[in-house]
Amino acid sequence: MAKTEPGNGLEHVASAEKLTESNGKGGSNGPEANGSIPGESQVDRYGFTGGSQQSAGELAEEVPIGVLRQREAKWLEMLNSWDKWMAKKHNKVKERCQKGIPPSLRGRAWLYLTGAKVKREQNKGRFEELDNQPGDPKWVDVIERDLHRQFPFHEMFAARGGHGQQDLFRVLKAYTLHRPDEGYCQAQAPVAAVLLMHMPAEDAFWVLVQICEKYLPGYYSTGLEAIQLDGEILYALLRRVSAVAHRHLKKHKVEPILYMTEWFMCAFSRTLPWSSVLRVWDMFLCEGVKILFRVGLALLKCLLGTQEKVKSCQGLYETVELLKKIRPEYMREAFLVQEIIDLQVSEKDIEKEHQAQLRRWKETHGDLSCNSPPRMHGAKAIMAAEPPSRQELRQRPTIVVESPSASKTQAASEGEAKGSMKPTKENGHAAVLPVVDPNDASQALNHMTVQGSKESVSSGEQDTYL
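Predicted, not measured: the structure shown is a model, and the values here were computed from it.

Peer 1: I would appreciate a short explanation of the overall build of the chain in the present structure.
Peer 2: Helix and strand content of the chain: 24 helices and four strands. In the chain, buried positions account for 51% of the 466 residues. Across the chain, every contact between residues at least 6 apart in sequence was considered, and the portion connecting residues at least 24 apart equals 76%. Surface summary for the chain: the accessible area is close to 22200 Å², and the carbon and sulfur share equals 50%.

Peer 1: Explanation requested: empty space enclosed by the protein in the structure shown.
Peer 2: Empty space among the atoms can be located by rolling a probe the size of a water molecule over them. In this structure the tally under the stated criterion is four cavities of 30 Å³ or more. Each pocket or cavity is described by its volume, and for the largest cavity that value is around 90 Å³. Surrounding the largest cavity, Trp82, Met86, Tyr112, Leu113, Gly115, Val118, Gln210, Ala379, Ile382, Met383, Glu386 and Pro388 form its lining. Counting residues per element, the ones that place at least two in the lining of the largest cavity are helix 2 (82-88), helix 4 (106-113) and helix 21 (379-385). A per-element tally of the lining of the largest cavity places helix 21 first, with three residues.

Peer 1: Please clarify how a nonpolar patch on the surface should be interpreted in this entry.
Peer 2: A cluster of nonpolar side chains, Ile257, Leu258 and Leu316, forms an exposed patch at the surface whose accessible area comes to about 240 Å². Take Leu316: it is sitting in helix 17 (residues 316-324). When its relative accessible area of 38% is taken as the criterion, Leu316 is described as partly exposed.

Peer 1: Can you walk me through helix 17 in this structure?
Peer 2: Helical periodicity: at 3.6 residues per turn, an α-helix aligns residues three or four positions apart in one direction. Within helix 17, the full set of buried residues consists of Thr319, Val320 and Leu323. Taken down its axis, helix 17 places every buried residue within 95° of arc, on the same side. Summarising the geometry of helix 17, the exposed residues directed more than 90 degrees from the buried face are Tyr317 and Lys324. Structurally, helix 17 contributes buried residues whose contacts are with helix 12 (243-251), helix 13 (261-265) and helix 15 (290-304).

Peer 1: How should I be thinking about the environment of Ser389 in this particular structure?
Peer 2: Note on placement: Ser389 falls in the loop between helix 21 and helix 22 (390-393). For the pair formed by Ser389 and Asp83, sequence separation is 306 residues and the distance between their alpha carbons is 8.6 Å.

Peer 1: Looking at this structure, I do not really get the pattern of salt bridges. What am I missing?
Peer 2: Side chains that differ in sign of charge can pair as their charged atoms come close. With the rule as written, the count across this model stands at 28 salt bridges. Between Lys117 and Glu121 there is a salt bridge, and its shortest N-O distance comes to 3.5 Å. Taken together, the residues span about one helical turn, with Lys117 and Glu121 both in helix 5 (residues 116-122) at a distance of four residues. With respect to class, Lys117 is no different from Glu121; both count as buried. A cluster of three or more residues bridged by salt bridges with shared partners is formed by Lys117, Arg120, Glu121, Lys124 and Asp203.

Peer 1: Sorry, what's going on with the environment of Glu255 here?
Peer 2: The residue Glu255 is located in the loop between helix 12 and helix 13 in this model. For Glu255, a relative accessible area of 42% gives the class partly exposed. When the C-alpha atoms of Glu255 and Gln228 are compared, they prove to be 9.8 Å apart, with 27 residues separating the residues in sequence.

Peer 1: When you look at the side chain of Lys173 in this model, what are you seeing that I'm missing?
Peer 2: Within the fold, Lys173 resides in helix 8 (residues 163-178). Buried within the structure, Lys173 lacks any salt-bridge partner; Asp131 is the closest side chain of opposite charge, at an N-O distance of 4.3 Å.

Peer 1: I would appreciate a short explanation of the packing of aromatic side chains in the present structure.
Peer 2: A complete count under the given rule lists 15 aromatic pairs for this structure. Relative to Tyr112, the ring of Trp82 lies with its centre 5.8 Å away and its plane at 75°, an arrangement referred to as edge-to-face. Taken together, the positions of Trp82 in helix 2 and Tyr112 in helix 4 put the pair 30 residues apart, joining distant regions of the chain. In this structure, Trp82 and Tyr112 share a single accessibility class: buried. On the basis of an interplanar angle of 85° and a centroid distance of 5.1 Å, the ring pair of Phe264 and Phe293 is categorised as edge-to-face. Highlighted residues: Phe264 in helix 13 and Phe293 in helix 15, separated in sequence by 29 residues. Judged by relative accessible area, which is 0%, Phe293 ranks as buried. Connected via pairs of aromatic rings, a cluster forms that spans Tyr259, Trp263, Phe264, Phe268 and Phe293. Between Lys89 and the ring centre of Trp85, over which it is positioned, the NZ or CZ distance is 4.7 Å.

Rules used in this analysis
- Counting restarts for each chain: residues are numbered from 1 in the order of the written sequence.
- Per-residue local features of the predicted model are confined to residues with pLDDT of at least 70, and side-chain atom pairs are confined, for both listing and counting, to 80 or more; whole-chain, interface and lining totals are unaffected and use all residues.
- Water and hydrogen atoms play no part in the side-chain values, which are based on all heavy atoms of the structure.
- A helix here means a DSSP run of H or I that spans at least four residues, while a strand means a run of E at least two residues long, and both kinds are numbered starting from the N terminus.
- The buried label applies to any residue whose accessible area, calculated with a 1.4 Å probe on protein chains only, is under 20% of its type's maximum; exposed applies above 50%, and partly exposed to all values in between.
- Between two residues, a contact is recorded if the distance between any of their heavy atoms is within 4.5 Å.
- Accessible surface area values rest on a Shrake-Rupley calculation with a 1.4 Å probe, where residue burial reflects the displayed protein chains alone.
- Every definition here rests on a 1 Å grid over the protein atoms only: cavities are sets of points where a 1.4 Å probe fits but cannot get out, pockets are open sets enclosed by protein on both sides within 12 Å along at least five of seven lines, and lining residues have some atom within 4 Å of a point.
- Grid points are joined across faces, edges and corners, and a volume is the space filled by probe spheres set on the points.
- Patches here are clusters of residues that have more than 30% relative accessible area and form no salt bridge, with a 9 Å joining cutoff for like charges and a 5 Å cutoff for nonpolar side chains (Val, Leu, Ile, Met, Phe, Trp, Tyr).
- In the sections that follow, a salt bridge refers to a side-chain nitrogen of Lys or Arg positioned within 4 Å of a carboxyl oxygen of Asp or Glu.
- The directions from the helix axis to the C-beta atoms form the arc being described.
- Counted charges follow a simple rule, with Lys and Arg positive, Asp and Glu negative, and His plus the chain ends left uncounted.
- Working definition: a ring pair exists when centres of Phe, Tyr or Trp rings (six-membered ring for Trp) sit within 6.5 Å. Plane angles under 30 degrees give stacked, over 60 give edge-to-face, the rest tilted.
- Charge-over-ring contacts are defined here by two conditions on Lys NZ or Arg CZ: a distance within 6 Å of the ring centre and an angle within 35 degrees of the ring normal.

The analysis is restricted to geometry; functional conclusions fall outside its scope.
Have a look at this one:
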């Protein structure tokens with residue numbers, strides 16, 4: 001995944017239609033423009049109509065609806081007292097991320113884990129300011145040409161010039177204005193697209209900022225020095241995890257940059273089945289880059305970990321092809337997650353090897369041309385480095401949708417105190433309903449009754465999209 005720069009020969013397309021000009025004139029504006037034909041296949045639970053990411057039932061782990069409701073309630077409680085949980089019960093937060101964040105709360109959880117919620121509160125109006133600027137023409141042109149390549153079989157990005165592509169353009173353009181020294185790299189596009197599947201554009205922008213600046217600093221800078229260093233770290237750690245795989249790669253001179261660049265720069269979003277991608281991201285945004293190393297090491301061990309396995313790829317080309325076409329059983333959600341949890345590779349191991357590789361780099365290449373800040377290993381490190389205030393963590397719904405039952409209470413006086421009780425009629429009898437603060441998730445749960453429903457617990461008296 002090379003750094004994209006105008007005129008460097010990396011990007012050639014037959015027709016580079018401008019997003020701003022895609023109004024249905026002179027070109028297809030539907031999903032078929034990106035290779036997706038409506039009606040040919042069903043949309044899976046993640047929004048894919050086809051392609052390699054489309055969910056295969058046997059690869060995904062099914063969570064019973066009752067268990068999912070319990071997990072949602074626990075996550076709502078955590079998010080409502082995030083600073084306390086991170087300070088005193090971080091291991092429990094980590095454990096719940098390993099089990100998988102409930103889909104209905106994944107976007108909100110990612111926002112809190114990365115520290116993007118705090119970043120957004122500290123920079124109110126910043127995204128809108130960047131969004132209203134025209135952007136650097138050299139980056140705008142390259143971003144527009146990349147839009148249709150991002151998950152073309154996902155319903156959100158299928159239509160050329162559709163709302164998904166528009167939001168993706170806004171986020172990526174805003175980042176080039178936020179970090180003009182870094183500009184745009186192709187690998188940022190799928191990362192931003194994954195975020196947009198779970199949150200509004202402004203939130204996706206701040207999570208992208210945190211990933212680029214805290215989790216993977218230097219990954220998207222010119223020269224790609226950071227990813228090359230991490231490739232050498234992965235190769236060194238492999239010796240300890242699987243000596244057979246390490247010897248095979250060394251024998252055939254298979255450089256890490258040949259197979260791990262897309263893995264790490266796109267956080268496996270273009271490699272794994274979607275159920276596995278989401279579980280990896282849940283852990284990655286909680287625990288940091290060590291999760292990406294563990295995924296890479298687990299795949300290398302599974303693919304090349306025995307003498308019998310390496311016999312089938314006697315050469316550099318065969319080995320690289322094997323690593324590009326990973327067998328489905330090794331990417332299965334339950335199997336891969338357990339491999340990641342069991343693999344004993346810590347932040348200390350990575351930092352120790354990082355220092356060793358940095359010394360070797362200076363001996364052979366000299367000083368790094370890009371002085372990136374030190375990376376932070378996950379949510380706890382980010383919060384410790386920049387302690388947030390309670391006000392910055394306060395949940396503020398961007399969209400509040402009142403249910404029909406809630407609308408019955410609108411006739412009551414608007415001047416009543418926040419904690420007052422509102423009279424209404426229910427089943428022909430007078431009833432008293434408390435006014436629930438939408439910021440208090442636990443209070444909302446106490447007043448909700450969901451019987452035999454498969455709706456999210458967040459869809460009670462008030463649905464909030466945070």
